[in-house]
Amino acid sequence: MATPGSASTAAAMAERIAVCPGSYDPVTNGHLDVIRRAAKVFDKVIVGVVDVQVRKSAPLFDASERKAFIEQAIAENGISNVEVRTFSNLLVDFARENGATAIVKGLRAISDFEYEFEMNQLNRTLAPDVESVYMLASGDYSFIRSTGVKEMATFGGDVSELVPAHVAEALAERARG
Ligand code: PNS
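Residues numbered from 1 in each chain as written. Predicted model: local features only at pLDDT ≥ 70, side-chain atom pairs only at ≥ 80, totals over all residues.

Draft legend 1. Quick look at the nonpolar core. Of all hydrophobic cores here, the largest spans 39 residues; its most connected members are Ala18, Cys20, Ile35, Ala38, Val45, Val47 and Ile70. In contact with isoleucine 70, other than residues within four places in its own chain, are Tyr24, Val27, Val47, Val49 and Val84. (Core = buried A, V, L, I, M, F, W, Y, C linked by C-beta atoms within 7 Å. Buried ≥ 20, exposed ≤ 12 C-beta atoms within 10 Å, placed from the backbone. Contact = placed C-beta atoms within 7 Å.)

Draft legend 2. The sheet that holds strand E4 (residues 102-107), seen in detail. Taken in spatial order, the five strands of this open sheet run E3-E2-E1-E4-E5, and their pairing is parallel. Both outer strands of the open sheet, strand E3 (82-87) and strand E5 (131-136), are each paired with one neighbouring strand and no more. Each strand of the sheet is rotated relative to its neighbour by a mean of 30 degrees, with strand direction disregarded. Sheet analysis places strand E1 (residues 17-22) next to strand E2 (residues 44-50), joined by six bridges and oriented parallel. Paired with alanine 18 across the strands is valine 45, a residue of E2. Contacting E1, E2, E3, E4 and E5, helix H2 (residues 29-41) runs over the sheet at an angle of about 170 degrees to E1. (Pairing = 2+ DSSP bridges. Helix = DSSP H or I, 4+ residues; strand = E, 2+ residues; numbered from the N terminus. Axes fitted to C-alpha atoms, helices over the stretch in contact; angles between N-to-C directions.)

Draft legend 3. Summary view of the environment of alanine 170. For alanine 170, the location among the structural elements is in helix H7 (residues 165-176). Look at alanine 170 and you get partly exposed, because 19 C-beta atoms sit within 10 Å. Each C-alpha atom, one on alanine 170 and one on alanine 153, is 9.8 Å from the other, the two residues being 17 residues apart in sequence.

Draft legend 4. Broad picture of the packing of helix H6 (residues 146-154) against H7. Close contact between H6 and H7 brings their axes to 9 Å; oriented N to C, the two are set at 50 degrees. Taken together, the axes of H6 and H7 lie oblique to each other. Where H6 crosses over H7, the two elements pack in a sense that is right-handed. Together, Lys150, Ala153 and Thr154 of H6 and Leu171, Ala172 and Ala175 of H7 make up the contact between the two elements. A per-class count over the contact of H6 with H7 returns four nonpolar, one polar and one charged. (Parallel < 35°, antiparallel > 145°, perpendicular 65-115°, else oblique. Left-handed = near helix turned anticlockwise from the far one by under 90°. Nonpolar A, V, L, I, M, F, W, Y, C, P; charged D, E, K, R; others polar.)

Draft legend 5. Region of interest: helix H3 (residues 63-76). Its 14 residues give H3 an end-to-end C-alpha distance of 20 Å, which sits within 8% of 20 Å, the value for a rise of 1.5 Å per residue. If you follow the buried residues of H3, they end up packed against H2, E2, E3 and H7. (Expected span 1.5 Å × (residues − 1).)

Draft legend 6. Spotlight on helix H5 (residues 110-126). When the terminal C-alpha atoms of H5 are compared, their 25 Å separation across 17 residues agrees well with the 24 Å that a helix rising 1.5 Å per residue should span. With zero of its 17 residues buried, H5 lies for the most part at the surface.

Everything listed is a geometric property; what it means functionally is a separate question.
See below:
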C-alpha cells in the first residue's frame, strides 16, 4: 500500500501525460472528439502535429497553420489541459521528451486497425515504457477523414458539420485559390 513519501505515492501523484499525434491536415471534429475525451482521462494532453511528410501527398496546410487550427478549436471548447506542439522526430521520442507515458489514437473503422496494429508493434519495440491507447470514434465521427474533407471542400462541398468553423473557412479560402 502507498504510504506518504513512498515511491508508489510519488508514482500515483505524478502527472499523467498523453500525446495525441497526427497530421491533422486539417483537424476534424472527429480528432477533436478524441482530444476532448483524452483530456478527461489524462492530466495533460500534448497534441503532436507532425511536421514532416508522412503521407504520399504534401499536406495542404503547413504545420504552423495546422497547429493554430487546433489551438483555436481547443480554446473555443474551453479545454485547459491540452497543449499543441509540432514534432519531426520519432513519435516515441516526442512522447518521452514531453514526459508522456501514453500515446492516444482514435480508431474509426477496421481499416484503421491494420495500420495502427503495425505502428503499435514498432512503437512498443522501440519504447516499451510508452503505452498506446486507442479510443473508438463516437458514432457521429466514425466516417470523418481529413482526406475526404479536403476533397469535398476542394470541389465546393459544405464541410461545416465535419470541421470547426474556422477550418471550414480556411478550406473554402484554399478552394477559391
Ligand atoms: O495518420 P496520421 O495522422 O498521418 O499519423 C501520423 C503519425 C505520426 C501519428 C503516424 O505516422 C505514426 O503513428 N507514426 C509512428 C512512426 C513515427 O514515429 N514516425 C515519425 C513521424 S515524424
